[in-house]
Amino acid sequence: MGKVVPAEGDLLRIIGDGEQRPDGEVHGLDEPALLELYRKMVLLRTYDERSLVYHRQGRVGTYAIFWGHEAVQAGSASALADEDWIFPSYRESAIGLLRGMPPEVVLSWWRGHPAGWWDPREYRVASITVPIATHVPHAVGLAWGSRLKGESVCSIAYFGDGATSEGVFHEGANFAAVLQAPVVLLCNNNQWAISTPLSAQTRAATLADKAVGYGMPGVRVDGGDVLAVFQATAEALRRARAGEGPTFVEALTYRSAPHATADDPSAYWDVGRVEQERENECLGRYERYLERRGLLDEGLREEIRAEALERMREGIAAAEAMPAPDPDVVFAHAYVDPPPTIREG
Amino acid sequence: MGKVVPAEGDLLRIIGDGEQRPDGEVHGLDEPALLELYRKMVLLRTYDERSLVYHRQGRVGTYAIFWGHEAVQAGSASALADEDWIFPSYRESAIGLLRGMPPEVVLSWWRGHPAGWWDPREYRVASITVPIATHVPHAVGLAWGSRLKGESVCSIAYFGDGATSEGVFHEGANFAAVLQAPVVLLCNNNQWAISTPLSAQTRAATLADKAVGYGMPGVRVDGGDVLAVFQATAEALRRARAGEGPTFVEALTYRSAPHATADDPSAYWDVGRVEQERENECLGRYERYLERRGLLDEGLREEIRAEALERMREGIAAAEAMPAPDPDVVFAHAYVDPPPTIREG
Amino acid sequence: MERTLVEAVNDALHVGMERDPTVMVLGEDVGRAGGVFRATAGLLDRFGPERCVDTPLAEAGILGTAVGLAMAGWRPVCEMQYESFSYPCLDQLITHVGRYRWRTGGAMEFPIVVRMPTGGGVRAPELHEDSPEAYYVHTPGVKVAIPSTPGDAKGLLTAALRDPDPVVVLEPKVLYRSPRGEVPEGEHVVPLGRARIAREGSDVTLIAYGAMVPTCLAAADLVDESAEVVDIRTLKPLDEETILGSVARTGRAVVVQEAPRVAGFGAEIAALLAEKAILDLRGPVVRVTGYDVPFPYWSIEHEYLPSPERVAAAARRVLAF
Amino acid sequence: MERTLVEAVNDALHVGMERDPTVMVLGEDVGRAGGVFRATAGLLDRFGPERCVDTPLAEAGILGTAVGLAMAGWRPVCEMQYESFSYPCLDQLITHVGRYRWRTGGAMEFPIVVRMPTGGGVRAPELHEDSPEAYYVHTPGVKVAIPSTPGDAKGLLTAALRDPDPVVVLEPKVLYRSPRGEVPEGEHVVPLGRARIAREGSDVTLIAYGAMVPTCLAAADLVDESAEVVDIRTLKPLDEETILGSVARTGRAVVVQEAPRVAGFGAEIAALLAEKAILDLRGPVVRVTGYDVPFPYWSIEHEYLPSPERVAAAARRVLAF
Ligand SMILES: Cc1ncc(C[n+]2csc(CCOP(=O)(O)OP(=O)(O)O)c2C)c(N)n1
Ligand SMILES: Cc1ncc(C[n+]2csc(CCOP(=O)(O)OP(=O)(O)O)c2C)c(N)n1
Ligand SMILES: [Mg+2]
Ligand SMILES: [Mg+2]
């Protein structure tokens, strides 16, 4: 058994507020990398905002909005090595874009089109997991199994605050610790599970406290600070690669958008709080940081946004250009070697 | 959410070693109560030792031995009020005896005889739970549901170290904390799950550390010290009744007997360690304590043991005198209002 | 009064909780949000946070806690947000909900209701369109009902709320919002274990439940011969009499189920006929079912779901036999 | 060589792990103890702690981790200590093991084997004697095998260890230690999807699998007429040809299953006959099964388990029809 590793109570932050709180030091990111990180955030933000428009236009189905969670996704994913695996929930549906997946693949997933299928090995991005927390042990098994084969591959599993209540989260986290799997358990604590607030989900003071029960380090980071998320993830990965096992990272955010397009939060959320959270949203914070460092100006911002917008235009066009699926695909892929009666129904 | 309640790292102990470590103060137990507690331990010990004999004689089937765990069971159960509910695992199969359940009922359970059924309300002892940890949410629901009805009823769930790895333990513990259910989660950490040692079950420094992740108090107690177990449970119950919610109690013991009659531990355990644990077993420790306090002597001990032995003799006789079950009982009780076709097979 | 199926469910809960103060509802988002389908709307305001409880996100925890609540004298009604998210509670259902009364020698009752939306046809992401009824029906100690009309949705749920045994009620989500149907005000009970002749006919019997009932009614319009449609309504206990009676009259049967074919509930119906209607059968018992594959991505779900055309074709096959 | 069924399982694992270095075994007590039934004995010493892993006590964790192991290129073989303790992993089985390959558009394979002892007759405490095969067979993307002889136990498990799809192998624990049977040395494969005529006969076909096969063989001795016994061996994919061929010859069928009757796998066999053998059947398809109740306390388990007498009585009923 390991020694107790008390959870890091206060939030790791790097980006200052431009006033009292100064910007902190950032390690492992030179200026091109800082801009690359910005490009990734813009790409995700654009994917999300366009998806909402496409949904209203009836061009994609139900969609799980991740507006305001771009820092968590881009910051953590940027800390990964190419060979590391990503295990997304529906909330990180577009994270494959950061690994070069074309937007039309993700758009097709939300369009209920088989073109939304991809080969996880191609991007080292596992399939989008819909049932809460059920992918946590998958990420553990992949990381552990790779280590058993002598490969230096880590994995990261994304899940929410509500997911920490599921038994399978617990079982996966415990396996990770016992097997010392090189995995990062990244909890996007956006403080809501649909209509259920964090206070009805747990009595723990912080979700990072859960790490104590597994004998693994638990750290808390400001999920609106892309650099802090990058750093916390990089440190967790360093530990994992060094054979020091898993880390639980709690990225504190706030779900300042509906749970999904089908959700009407007016019944349960606090509009004032949402407004305030939206003002302080992660992309704007990072833009102001880059501006303070003289790395970003109006022109470059517009250029980067235009680029992303163009990719989405191409993406939705490509998705809509997909031929209607061959009905036969219904019978494909369930088995490598299907029962002879598979077409009976 | 609650504030962090760090787990109590070091073991609560009251009974001294008769040498350097003096006996501690015990609260809430006068001398008759101390002897009553002894009677209960002897009854459990006798049940266990006789069951092993009966098993060898083919008079009971597979049996889960609890030799050496009597202090955990008697100490905690004695702290309960009559109206409080007990949720036992197979390891606490005979705990009903402490609530006046006749030994033949428990013996019948191990004899696979329906006379092993009982009405939980009669003793406020739930049915023996075989699937690991699945009864944890039951204890939570009973305690919470009683409180919702304005009744001052607490419950205690018994489970092992291995049980803490199950998802349903996690879900139940989290519900307990969130609902502030008046329940005691009593983990008998005997450091083995059949052949699996604690070190392969968790990386946590102590199992009590798990409480931190639920935002509930976690305490550790010497499970071989019946007075310490009593005190820790009494304190947890005080808290529960005061509306302060659940407590996780880790009773540290050692499984110095096979997992069950079917188990051959020679393949995996350390005989030396087992010997040493058996020397220091809980009943002997309590006897020496009572002797030091002048409450127990040879004569009284023999009298109490004889009493218990007599109850077991009557118990096995009664169990063996049970008529063979009416075959019809197969169809009884599955439904209050069974489907008309229930006898078709 | 005309209501949607989900409104009928909501009505049944309001009436049932008013009538019996021991009924309480628990689940994910059943309180503040009133349920993702609004099935529990208004319960929190009307009956308070002690009888309409937003739980943590943990299905086994919900059902396991319900077992304890039942022991404390409550009648817990657990909502599983979608059928596919009920799988984590199968262990509690099989090992405890269906066994606990038996384990007490009949001393205690466990009147637990588990309700959930079920089935496809709603163009939702993966694992929002399964049909898991076979898992439930195969589990001893548990009863299973599945309405196909708003009236039956209220009546069967009301019966479940009064039943002494655990009951799983599956609500076809494709029927939640339309069509509307007549729903009696106030107390309305449809006893468990009684099938319904949804349409009378003389040449072939189409046997179905839930969302496949409207499919069979549409299919009945497509065949030239006269098709009778039996809405099973309760999968356990099963109303063998009505099913056998219909097949005795028509001599021909088509069994329709949305779930994957292999070992689905339709097989139980076919087995019933093979054992108890063998002399009545003038042709094979043909099943029209989902396939032994995961429910497809929604853009092609119509290729998977039994359609009136597929059912009609099967009926013609049997009729031509 | 003559071996017990559990020895045959152990042999298959030794040979399979020797042959394929990507095969690894994980489960509760499979290592140090060699499994509570000794099915994994010797694997830890021979293949080391990285290929024979004692896991924490968490079934969903075991199977969920196996999904990730498969993605990393391993062939995980998960042991569930008893069938009733596999229920916590049903969620992973239904939502991921059976679906993940489909979800990747066929790009990845998930050759996961889940093995477990199954069934009653062993005089064990509650929840050690269930027969859950129907839950597995109904799950798309998963194959299911259940041997009734030591030879088939080795052959079917070996086939599972080489199959590209997930396979659940149920091992009748009442047959673990006796009778012994011939088990070929070294490589021995019994292909999935092929039933076996366990005994030839001409008047009635007794169709069974697992522990009910010896029961049917004993029943065959009790009836005056000539009874054929079909050992299904693989529940999915099902060998319809052998079953239909036998019933075409005998014209009469009795389906035997130990599991509770309602919506059990026997219903699927009866449904198959009702659809594809209707012209061959000279009598009803009678099922002999466990009852729709929890498996009884062991002192009366014989009152629940289908016996040769019950099967013979059913056969006579069909023959006299
Ligand atoms: C096992 C399971 N139960 C229920 C659901 C329905 N559901 C979808 S999202 C959600 C809330 C998840 O909250 P959280 O884990 O905090 O993630 P977030 O949506 O906030 O990113 C629920 C209950 C599900 N998908 N899976
Ligand atoms: C869900 C489940 N999985 C597996 C088993 C088989 N089993 C019975 S006892 C046991 C070990 C339990 O260890 P622990 O929780 O430490 O309790 P102890 O036996 O030491 O009292 C196991 C794996 C079970 N009963 N239930
Ligand atoms: Mg959340
Ligand atoms: Mg233990």
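As the structure is a prediction and not an experimental result, all values here were calculated from the model.

A. Looking closely at the coordination of the magnesium ion (ligand 4). Residues and elements named next belong to chain B. Around the magnesium ion (ligand 4), the donor atoms from the protein are D161 (OD), N190 (OD1) and W192 (O), and they sit 2.0 to 2.1 Å away. In the primary structure, the donors to the magnesium ion (ligand 4) are separated according to the pattern D-x28-N-x1-W. Pair noted here: D161 is in the loop between β2 (155-160) and α6 (167-179) and W192 is in strand β4 (residues 192-193), with a separation of 31 residues, a long-range link.

B. Just the interface of chain D and chain C, in detail. Taken together, the 52 residues of chain D in the interface contact 52 residues of chain C. On the chain D side of the interface with chain C, the three residues burying the most area are Y135, H138 and E275 of chain D, jointly 17% of the side's total. The interface formed by chain D and chain C includes twelve salt bridges. Here R99 of chain C makes a salt bridge to D130 of chain D, at a shortest N to O gap of 2.4 Å.

C. Quick look at the interface of chain A and chain B. Contact residues are listed per partner, giving 29 residues for chain A and 29 residues for chain B. Interface area, chain A with chain B, both sides summed: about 2,500 Å², of which 54% is carbon and sulfur. For the pair chain A and chain B, the interface holds zero salt bridges. For the pair chain A and chain B, the interface holds eleven residue pairs in polar contact (both at pLDDT 80 or more). Of all elements in the fold, only α6 (167-178) and α7 (210-214) of chain A reach the threshold of two or more residues within the side of chain A that touches chain B. The element contributing the most residues to the side of chain A that touches chain B is α6 of chain A, with seven residues. Along the lines of polarity and charge, the residues of the side of chain A that touches chain B split into eleven nonpolar, twelve polar and six charged.

D. Seen up close, the sheet that holds strand β3 (residues 183-189) of chain B. All names here are of chain B. Read from one edge to the other, the open sheet built from five strands follows the order β1-β2-β3-β7-β6, with strand pairing classed as parallel. The two strands at the open ends of the sheet, each matched to only one other strand, are β1 (85-87) and β6 (218-222). Here the average twist between neighbouring strands, direction ignored, is 20°. Sheet topology note: the β6/strand β7 (residues 247-252) ladder contains five bridges and is parallel. Pairing of D222 across the sheet is with L252, part of β7.

E. Highlighting the packing of helix α3 (residues 103-110) of chain A against helix α11 (residues 298-321) of chain A. Residue and element names in this part refer to chain A. Running from N to C, α3 and α11 cross one another at 50°; their axes reach a closest spacing of 8 Å. Relative to α11, α3 is oriented oblique. Where α3 crosses over α11, the two elements pack in a sense that is right-handed. The segment α3 lies against α11, with P103, E104, L107 and S108 engaging R311, M312, G315, I316, A318 and A319. Tallied by class, residues from the contact of α3 with α11 come to six nonpolar, two polar and two charged.

F. Summary view of the sheet that holds strand β7 (residues 167-172) of chain D. Residue and element names in this part refer to chain D. Reading across from one edge, β3-β2-β4-β5-β7-β6-β12 is the order of the seven strands in this open sheet, with mixed pairing throughout. Only two strands of the sheet have a single partner each, and these edge strands are β3 (52-54) and β12 (234-236). Adjacent strand axes in the sheet meet at a mean angle of 20°, parallel and antiparallel pairs treated alike. Here three bridges tie strand β4 (residues 75-79) to strand β5 (residues 113-118), and the two strands are oriented parallel to one another. Along β5, the bridge assignment pairs C78 with V114. Sheet contacts for helix α1 (residues 5-19): β2 (23-27), β4, β5 and β7; angle to β2, the most-contacted strand, approximately 135°.

G. How the structure looks around the nonpolar core. I112 and L273 of chain C together with I112 and L273 of chain D are the most contacted members of the largest nonpolar core, which totals 186 residues. Ignoring anything within four residues of it in the chain, the contact list for L273 of chain C reads I207, I243, L244, V247, A253, I278, L281 and V285 of chain C.

H. Quick peek at the coordination of the magnesium ion (ligand 3). Residues and elements named next belong to chain A. Bound to the magnesium ion (ligand 3) on the protein side are D161 (OD), N190 (OD1) and W192 (O), at distances that span 2.0 to 2.1 Å. Mapped onto the sequence, the residues coordinating the magnesium ion (ligand 3) show the spacing D-x28-N-x1-W. Accessibility expressed as a relative area gives 11% for W192, which makes it buried.

I. Region of interest: the site of ligand 1. Around ligand 1 lies a shell of 20 residues, among which Y90, R91, D161 and W192 of chain A together with E59 of chain C are the nearest. In the model, an oxygen atom of ligand 1 is placed 2.9 Å from a nitrogen or oxygen of the G162 of chain A main chain. For ligand 1, the protein covers 96% of the area, taking 580 Å² as the surface of the free molecule. Tallied by class, residues from the shell around ligand 1 come to ten nonpolar, five polar and five charged.

Conventions used here
Residues numbered from 1 in each chain as written. Chains lettered and ligands numbered in written order. Predicted model: local features only at pLDDT ≥ 70, side-chain atom pairs only at ≥ 80, totals over all residues. Heavy atoms only, no water. Donors = N, O, S within 2.8 Å, 3.2 Å for Na, K, Ca; no water. Helix = DSSP H or I, 4+ residues; strand = E, 2+ residues; numbered from the N terminus. Contact = heavy atoms within 4.5 Å. Buried area = accessible area lost by both parts, 1.4 Å probe. Salt bridge = Lys/Arg side-chain N within 4 Å of Asp/Glu carboxyl O. Polar contact = N/O pair within 3.5 Å; in protein donor to acceptor, adjacent residues only side chain to side chain. Nonpolar A, V, L, I, M, F, W, Y, C, P; charged D, E, K, R; others polar. Pairing = 2+ DSSP bridges. Axes fitted to C-alpha atoms, helices over the stretch in contact; angles between N-to-C directions. Parallel < 35°, antiparallel > 145°, perpendicular 65-115°, else oblique. Left-handed = near helix turned anticlockwise from the far one by under 90°. Core = buried A, V, L, I, M, F, W, Y, C linked by side-chain atoms within 4.5 Å. Buried < 20%, exposed > 50% of the residue type's maximum accessible area, 1.4 Å probe, protein only. Near = heavy atom within 4 Å. Areas by Shrake-Rupley, 256 points an atom, 1.4 Å probe, with all protein chains shown as cover.

From the geometry alone we can't say anything about function, so treat these as descriptive.
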